[in-house]
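So the chains spell out like this:
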Amino acid sequence: MVNELLKKLEDLLSEEKKLLLKGIKGKEEVERFEAVEKEKLEVLSSISQLEPYQFKEHLETVKRIERLNKEVEALLLNNLLFVESILKEIFPEKDTTYTRDRTFSSSLLNKKV
């Protein structure tokens, strides 16, 4: 069971990475991305019910998942920075900064436009 859950999470992270690299260009990609996120939350919920000792045999898989998750996180941040740069050009009066250490100042994305 643990192996299946970890494999499923790894597969979902890989798919999420591919979607982010390809680009969310239309409704179909958005719907698939949302479905992956929903499925990932369900898997993570199941994993959270397990005991730590159950992961001892799966340390390599956990490391691969951790690496993949960091890659997805970086891609998400890059996409956010890209959107922010576009919004900054459209609305130059609003100063926004996002950094890799997850600090940020006021953002148009946090406000209603």
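Everything numeric in this text was worked out from a predicted model, so none of it was measured.

**Thoughts on the environment of Lys18**
As for its position among the elements, Lys18 is in helix H1 (residues 2-22). The sequence separation of Lys18 and Val72 amounts to 54 residues, and the corresponding C-alpha distance is 9.2 Å.

**Thoughts on helix H2 (residues 27-48)**
For H2, which comprises 22 residues, the first-to-last C-alpha distance of 31 Å matches the rise-based estimate of 32 Å (1.5 Å per residue) to within 8%. Within H2, burial applies to Glu29, Phe33, Val36, Lys40, Val43 and Ile47. Seen end-on, H2 carries its buried residues on one side only, within an arc spanning 90 degrees. In H2, the exposed residues that point more than 90 degrees away from the buried face are Lys27, Glu34, Lys38 and Leu41. Where H2 is buried, its residues contact H1 and helix H3 (59-90).

**Observations concerning the packing of H1 against H2**
The geometry of H1 relative to H2 is characterised by a closest axis approach of 10 Å and an angle of 155 degrees between their N-to-C directions. Taken as axis vectors, H1 and H2 run roughly antiparallel relative to one another. Crossing hand, H1 versus H2: left-handed. From H1, Leu5, Leu6, Lys8, Leu9, Leu12, Leu13, Glu15, Glu16, Leu19, Leu20 and Lys22 reach across to H2, where they touch Glu29, Arg32, Phe33, Val36, Glu37, Glu39, Lys40, Val43, Leu44, Ser46 and Ile47. Split into classes, the residues belonging to the contact of H1 with H2 amount to 12 nonpolar, 1 polar and 9 charged.

**Describing the side chain of Glu29**
Relative to the helices and strands, Glu29 resides in helix H2. Look at Glu29: it is buried, it has no salt bridge, and the nearest opposite charge is Lys22 at 4.1 Å. Within the structure, the side chain of Glu29 is placed 2.9 Å from the backbone nitrogen of Gly26, a separation counted as a polar contact. The contacts of Glu29, once residues within four sequence positions are left out, are Lys22, Gly23 and Ile24.

**So, the pattern of salt bridges**
Overall, the coordinates contain 10 salt bridges when judged by the stated rule. The salt bridge partner of Glu16 is Lys40, with a shortest N-O separation of 2.7 Å. Here Glu16, found in helix H1, pairs with Lys40, found in helix H2; they are 24 residues apart in sequence, far enough to count as distant. A salt bridge links Lys17 to Glu71, with the nearest nitrogen and oxygen atoms 2.5 Å apart.

The rules behind these values
- As a convention, each chain's residues are numbered from 1 in the sequence order in which they are written.
- With the structure being a predicted model, the display of local features is reserved for residues of pLDDT at least 70 and the display and counting of side-chain atom pairs for 80 or more, all residues being used for whole-chain, interface and lining totals.
- Side-chain numbers here rest on the full set of heavy atoms in the structure, without hydrogens or water.
- Strands are runs of DSSP state E lasting at least two residues, helices are runs of H or I lasting at least four, and both sets are numbered from the N terminus onward.
- To estimate the expected span of a helix, subtract one from its residue number and multiply by 1.5 Å.
- A 1.4 Å probe rolled over the protein chains alone gives each residue an accessible area, and that area as a share of the maximum for its type sets the label: buried under 20%, exposed over 50%, partly exposed in between.
- Picture the helix axis, draw a direction to every C-beta atom, and the arc is the one those directions span.
- Contacts are assigned to residue pairs that have any heavy atoms within 4.5 Å of one another.
- Every axis in this analysis is a line fitted to C-alpha atoms, fitted for helices over the stretch in contact. Angles between the N-to-C directions lie between 0 and 180 degrees.
- These descriptions rest on fixed angle ranges, namely under 35 degrees for roughly parallel, over 145 for roughly antiparallel, 65 to 115 for roughly perpendicular, and the rest for oblique.
- Definitions for this section: a left-handed crossing has its near helix turned counterclockwise from the far helix by less than a right angle. A right-handed crossing has that turn clockwise.
- Classification convention: Asp, Glu, Lys, Arg as charged; Ala, Val, Leu, Ile, Met, Phe, Trp, Tyr, Cys, Pro as nonpolar; all other residues, Gly among them, as polar.
- Only four residue types enter the tally: Lys and Arg on the positive side, Asp and Glu on the negative side, with His and both chain ends excluded.
- Salt bridge, as used here, is a side-chain nitrogen of Lys or Arg placed within 4 Å of a carboxyl oxygen of Asp or Glu.
- Whenever two N or O atoms come within 3.5 Å, that pair is a polar contact, provided that in protein one can donate a hydrogen and the other can accept it, and provided that, for residues adjacent in sequence, both atoms are side-chain atoms.

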